[in-house]
Amino acid sequence: MSKEELVILDCWVSPFCMSVKIALAEKGLEYEAREEDLFGGKSDLLLNSNPIYMKVPVLLHQAKPLCESTIIVNYIDETWPSPPLLPPCSYGRAQARFWADFIDKKLFDAGCNIWRSKGEAPEEAKREVIEILKQLEEALREKAFFGGDTFEFVDIITVPVTSWFHAIEKFGNFKVEDECPKFSAWMKRCMQRETVAKVLPNPEKVYEFLIMFRKMQGIE
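These figures come from a predicted structure and were not determined experimentally. (Residues numbered from 1 in each chain as written. Predicted model: local features only at pLDDT ≥ 70, side-chain atom pairs only at ≥ 80, totals over all residues. Heavy atoms only, no water.)

Asker: So, the packing of aromatic side chains: which residues are in play, and what are the values?
Answerer: Aromatic rings in a pair are described by how distant their centres are and how their planes are angled relative to each other. Scanning the model with the defined rule gives 16 aromatic pairs in all. Between the aromatic rings of F146 and W186, the centroid separation amounts to 5.3 Å while the plane-to-plane angle is 75 degrees, which identifies the pairing as edge-to-face. Taken together, the residues span a long stretch of sequence, with F146 in the loop between helix 5 (123-140) and helix 6 (153-158) and W186 in helix 9 (residues 181-191) at a distance of 40 residues. Take F146: its relative accessible area is 10%, and that puts it in the buried class. A ring pair is formed by F171 and Y207, whose centres lie 5.3 Å apart and whose planes are at 55 degrees; its orientation type is tilted. Pair noted here: F171 is in helix 7 (residues 165-172) and Y207 is in helix 11 (residues 203-216), with a separation of 36 residues, a long-range link. Owing to a relative accessible area of 17%, Y207 belongs among the buried residues under this scheme. Put simply, the rings of W12, F16, F39, F108, W115, W164, F209 and F213 touch in pairs and so form one group of aromatic residues. The ring of Y53 has K55 sitting right over it, with the charged end atom 5.2 Å from the ring centre. (Phe/Tyr/Trp six-rings, centres within 6.5 Å; stacked < 30°, edge-to-face > 60°. Helix = DSSP H or I, 4+ residues; strand = E, 2+ residues; numbered from the N terminus. Buried < 20%, exposed > 50% of the residue type's maximum accessible area, 1.4 Å probe, protein only. Lys NZ or Arg CZ within 6 Å of the ring centre and 35° of its normal.)

Asker: Which residues make up empty space enclosed by the protein, and what are the values?
Answerer: As enumerated under the stated definition, the model contains one cavity of 30 Å³ or more in all. The calculated volume of the largest cavity comes to roughly 30 Å³. Lining the largest cavity are P15, F16, S19, S69, D104, I157 and V161. In terms of residues, the lining of the largest cavity owes the most to one element, helix 1 (residues 15-26), which gives three residues. Within the lining of the largest cavity, the residues separate by chemical class into four nonpolar, two polar and one charged. Each of domain 1 (6-79) and domain 2 (90-217) contributes no fewer than three residues to the lining of the largest cavity. (1 Å grid on protein atoms, 1.4 Å probe; cavity = no way out; pocket = protein on both sides within 12 Å on 5 of 7 lines; lining within 4 Å. Points joined across faces, edges and corners; volume = space filled by probe spheres on them. Nonpolar A, V, L, I, M, F, W, Y, C, P; charged D, E, K, R; others polar. Domains from an automatic or database assignment.)

The structure is reproduced here in structure tokens:
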């Protein structure tokens with residue numbers, strides 16, 4: 001498949017875009033990533049491809065647009081079934097989708113509550129992040145990855161959010177490793193995968209981006 005057939009409308013710092021790029025990499029698919037200027041003006045292609053939400057990621061497969069990262073990752077898995085990203089049984093797939101939905105709805109927003117706060121981050125915001133991570137530790141148990149021994153769907157949805165953890169730790173004045181060592185060990189295992197390490201940005205760059213963004217929002 002040529003790169004022209006798969007195009008992702010991208011933003012380097014978006015965890016949701018990272019999930020799509022990791023899924024494509026896990027399938028061994030070539031693609032073209034087109035960086036969107038989300039602050040200076042979104043492209044006509046983005047606005048026309050995602051007129052409802054007008055946000056990234058958008059995956060264009062043979063010029064047909066797909067929106068929302070978890071839906072896109074599902075589409076990638078169904079369209080290119082090998083290697084599979086979801087478990088073979090319907091119950092396992094339902095469980096994986098439950099945790100992906102939980103992460104989409106909870107984890108990123110909880111982290112944002114920390115870096116968006118003026119002055120010292122509220123203890124309640126930090127407690128919320130730690131509580132969510134402890135719930136994910138319960139789901140992990142003693143497994144290497146959420147699906148067991150294999151890096152798959154839930155890992156792909158979750159690991160990009162961790163690229164913001166360095167910044168969240170700095171703003172929140174706490175360490176994920178101290179609070180959730182099992183989750184921290186899972187993060188390190190994921191980073192050993194080439195498909196993840198190549199996609200996730202330098203955490204310090206994410207921190208610098210959020211400092212700039214806070215100033216733009218008048219938080220600093």
